[in-house]
Amino acid sequence: MQNLLELKNISYSYHTLHGETIAIKDISFGIREGEFVAVVGPSGCGKSTLLSIIAGLLEPEHGTIAVNNPDGSLAYPRIGYMLQHDYLFEWRSVYKNVILGLEINHMLTEERTGYVNKLLKEYDLDKFRDKRPGELSGGMKQRAALIRTLALDPGLLLLDEPFSALDYQTRLMVSADICSLIRATGKTMIIVTHDLSEAISIADRVIVLSGRPARVKCELPIKLTLKDNSLLASRNAPEFNSYFNTLWEVLISDE
Ligand code: ADP
Ligand code: MG
């Protein structure tokens, strides 16, 4: 199967008054339609920079990103970006928050709001549509943020440590929940996380980056025996520990 996106030899440096910081160097990998890829690496290595480049917010210094859409078109996929903090606006109702992107992009069509309403029902947020974000639990806020992201019908979801503001137990539940919901949409996703267990439980493939400047140290395909199809139970899968140990060894190794 062809890759939806193909990154080839991507490099990027920041230039400031204090000099040059080479953030990423010669990164190449592909991502297939519908695939979940997790990117892990030490803090400050260049993960967010990489996502910003894929999102088109930063122009790579070297390298290219090729697009192969299933319909043969070369259009860059529409990007949905979810960050660490959900940034729901307290002065807007939950509904007004989830349609914010549509409003800004002048896309408040019947079709789009119909889709938003369907997601609100499916994600059990319909009864909270007129509440303020402050009245929602952490998990519900994250679901609302996901609906806001999906409302624009992105072809590619980029998640930058989206669960790291949550406490550990909430995080386990919410990451499993949100990723199952995204899986059900069939969308392609790249998630940055520094949590190896999270990466293994969520992704089809884990890409380990080196310390700065980030290079690809290894790509590990993940295949877990899922019990009851639950992401939480996947952490008890027999293969889990061996994946964890492999990734950990790669992460801490000096090449
Ligand atoms: P990560 O997301 O892996 O923690 P980042 O991609 O945010 O890492 O940053 C990679 C490196 O680039 C870091 O050393 C950071 O200090 C530097 N950096 C990030 N953004 C900027 C910027 N706007 N200007 C200068 N340096 C930056
Ligand atoms: Mg980051």
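Small disclaimer: the values here were computed from a predicted structure and weren't measured.

**Overview of the packing of helix α5 (residues 138-151) against helix α6 (residues 168-185)**
It is the contact of α5 with α6, at a shortest axis distance of 10 Å, that shows an interaxial angle of 25 degrees. Relative to α6, the element α5 lies roughly parallel. For the element pair α5 and α6, the recorded crossing hand is right-handed. Touching Gly139, Gln142, Arg143, Leu146 and Leu150 of α5 are Val174, Asp177, Ile178, Leu181, Ile182 and Thr185, all from α6. Partitioning the contact of α5 with α6 into residue classes produces 6 nonpolar, 3 polar and 2 charged.

**Notes on α6**
Compared with the 26 Å implied by 1.5 Å per residue over 18 residues, the 26 Å span of α6 between its first and last C-alpha is a close match. Within the sequence span of α6, burial applies to Arg171, Leu172, Val174, Ser175, Ala176, Ile178, Cys179, Leu181 and Ile182. Of the surrounding elements, those touching the buried residues of α6 are β3 (36-40), α5, β6 (156-160), β7 (188-192), α7 (196-202) and α8 (231-234). A positive backbone phi angle near 75 degrees is found at Gly186, which sits one or two residues after α6.

**What about the pattern of salt bridges?**
Here the structure, examined in full by the defined rule, presents 11 salt bridges. The salt bridge involving Arg92 is made with Glu103; its shortest N-O contact spans 2.7 Å. Here Glu103 lies in helix α3 (residues 100-104) and Arg92 lies in the loop between β5 (79-82) and α2 (94-98), a separation of 11 residues in the sequence. Its salt-bridge partner being Asp177, residue Arg143 comes within 2.6 Å of it at the nearest N-O pair. Here Asp177 lies in helix α6 and Arg143 lies in helix α5, a separation of 34 residues in the sequence. Using a relative accessible area of 16% as the deciding quantity, one classes Arg143 as buried. Taken together, the shared-partner salt bridges in this structure form one network comprising Arg32, Glu35, Arg205 and Glu219.

**Some words on the sheet that holds strand β9 (residues 216-221)**
Pairing is mixed in the open sheet, where 6 strands are placed in the order β5-β6-β7-β3-β8-β9. For this open sheet the edge positions go to β5 and β9, each flanked by a neighbour on one side alone. Ignoring which end each strand starts from, the neighbouring axes of this sheet average 15 degrees apart. Relative to β9, strand β8 (residues 205-209) is paired through 5 bridges, and the arrangement is antiparallel. Bridge pairing links Val206 to Leu220 in β9. Running at roughly 140 degrees to β3, α6 makes contact with β3, β6 and β7 of the sheet. Each of β8 and β9 touches helix α9 (residues 240-252); the most contacted strand, β9, lies at about 175 degrees to it.

The rules we used
Residues numbered from 1 in each chain as written. Chains lettered and ligands numbered in written order. Predicted model: local features only at pLDDT ≥ 70, side-chain atom pairs only at ≥ 80, totals over all residues. Heavy atoms only, no water. Axes fitted to C-alpha atoms, helices over the stretch in contact; angles between N-to-C directions. Helix = DSSP H or I, 4+ residues; strand = E, 2+ residues; numbered from the N terminus. Parallel < 35°, antiparallel > 145°, perpendicular 65-115°, else oblique. Left-handed = near helix turned anticlockwise from the far one by under 90°. Contact = heavy atoms within 4.5 Å. Nonpolar A, V, L, I, M, F, W, Y, C, P; charged D, E, K, R; others polar. Expected span 1.5 Å × (residues − 1). Buried < 20%, exposed > 50% of the residue type's maximum accessible area, 1.4 Å probe, protein only. Salt bridge = Lys/Arg side-chain N within 4 Å of Asp/Glu carboxyl O. Pairing = 2+ DSSP bridges.

Structural measurements only, silent on function.
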